[in-house]
Amino acid sequence: MTDFKKLAKTAPMGWNSWDCFGAAVTEKELKENADYMAKYLKPYGWKYVVCDIQWYEPNAKDNDYNNFAPLNMDKYGRLIPAENRFPSAKGGRGFRPIADYCHALGLKFGIHMMRGIPRQAVHADLPIKGSRYTARQVAHHFSVCSWNTDMYGMYDCEGAQDYYNSLFELYASWGVDFIKCDDICVTEFRKWDNPYSAAYEVEMIRRAIDNCGRDMVLSLSPGPAEISTAKHLAKHANMWRLTGDFWDVWDKLYDMFSRCKLWENEVRTGNYPDCDMLPLGRLSKNGTCHGAQNRMTQFTKPEQLTMMSLWGIFRSPLMFGGNLPENDEWTLSLLTNEEYCKMHRNSRRAHELYRTKCHIVWVADGRRCKYAALFNVGEKADTVKLDLAAIGAGGCEIYDIWQKKTLGIYKKVFKAEVEPHGAVLIKIRNA
């Protein structure tokens, strides 16, 4: 059994289908984004292609969920891809052909799953593969998702573990490398009137992955995760969400500074608090969601730099949300900045250095260098300062990562003019 933390020596980088295709992504769209990633992004560390929610629902068509919709399942109550949307799944092949397609490109393939067992399987009282229990015996009928009607949670029992074991046995046979488990992170330690807590489902999933015979990165959603659960999360998962769904709205981006500050001491190799996806490029192709349908991101260019700089220096996982083949040159340039990717991969000990009403500065250690991100969260352009002595620097060369140029030698203080809602991201080396 591989130590799961070694599967994510650096924070995962990839693409997820939700922001652009919602619940209705198709095989064609997955492959088109995989092709783009392999051609343009793979050399910079981008490698995960993740199919998000409702891949098992034939009638999904936009960003909304169809309540109590019929789902594709096998005889053991395990959800399988809708063949009208994923034609290569015919004949019981599941996601194996798409995973093979990604692997042939040098990429990795991931899928979304919901905590629990399908209600449809419970109502039919289907058998659980390799178990003396049935779906009805393991389902916790009061444990339901508040925003999706597909599943029941499960009791902490032998049959529930059997179900998760059978599920990950199936995923392993498909060649899945990454699991985004939903409806589990924010409720993880919530105590209700009954003894139920979704924490034990996290533990069952961890055991099922460890015993399935295939390495898989585990991501937990949605947020906000509670800081009191940090040790439990780190023991069982590679990634966990710090927020609900993040979209291209300034208020949500501004809020992430406080969330990152709260979690700054919990980022380590194999464990990554997750700021959620990057809503950049072409979004919401199948329906309106926090903005117009089929739009380019609502973030201004300064706001895009702020998001990328914060996610990068904090070492959040980077999951691009837009439709990659429709990227413009600007968006592609954000994803293929070599110095930025090196910082995201190699920096350590990122933390907030100081914060005022309009200025926020984060710093981190690199390999024989330091990094700093200077943010102006105010409504007017302003000068943001960095006291070099405060980070043990002085007489140093400063390189602007986004402008891709050396700014000069600075001895005591570095100052930058920063646009409203914008950022300057720098690399600092001894002169």
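Above this text sits the structure in question.
Now for a look at the structure at hand. (Residues numbered from 1 in each chain as written. Predicted model: local features only at pLDDT ≥ 70, side-chain atom pairs only at ≥ 80, totals over all residues. Heavy atoms only, no water.)

## Topic: the layout of surface pockets
Right, on to step 1. Taken as a whole, the largest pocket encloses approximately 220 Å³ of empty space.
Right, on to step 2. As for the largest pocket, its lining consists of 17 residues, and the residues nearest its centre are Trp18, Tyr65, Trp147, Asp182 and Asp245.
Right, on to step 3. Listed by contribution, the elements that provide at least two residues to the lining of the largest pocket are helix H1 (18–21) and strand S7 (178–182).
Right, on to step 4. Of the residues belonging to the lining of the largest pocket, the class tally is seven nonpolar, three polar and seven charged. (1 Å grid on protein atoms, 1.4 Å probe; cavity = no way out; pocket = protein on both sides within 12 Å on 5 of 7 lines; lining within 4 Å. Points joined across faces, edges and corners; volume = space filled by probe spheres on them. Helix = DSSP H or I, 4+ residues; strand = E, 2+ residues; numbered from the N terminus. Nonpolar A, V, L, I, M, F, W, Y, C, P; charged D, E, K, R; others polar.)

## Some thoughts on the sheet that holds strand S15 (residues 359–365)
Right, on to step 1. One open sheet accounts for six strands, arranged S14-S15-S16-S21-S18-S19; its pairing is antiparallel. Pairing within the sheet leaves two strands with one partner each, and these edge strands are strand S14 (348–355) and strand S19 (405–410). For this sheet, the mean inter-axis angle between neighbouring strands, taken without regard to orientation, is 25°.
Right, on to step 2. Bridging between S15 and strand S16 (residues 370–376) involves seven bridges; their strand directions are antiparallel. By the bridge assignment, Val361 is partnered in S16 with Leu374.
Right, on to step 3. The strands touched by helix H12 (residues 338–346) are S14, S15, S16, strand S18 (396–400) and strand S21 (422–430); relative to S21, the strand with the most contacts, the crossing angle is about 75°. (Pairing = 2+ DSSP bridges. Axes fitted to C-alpha atoms, helices over the stretch in contact; angles between N-to-C directions. Contact = heavy atoms within 4.5 Å.)

## Regarding the environment of Met37
Right, on to step 1. Summarising the element assignment, Met37 is placed in helix H2 (residues 27–41).
Right, on to step 2. With 11 residues separating them in the primary sequence, Met37 and Tyr48 have C-alpha atoms 8.9 Å apart.

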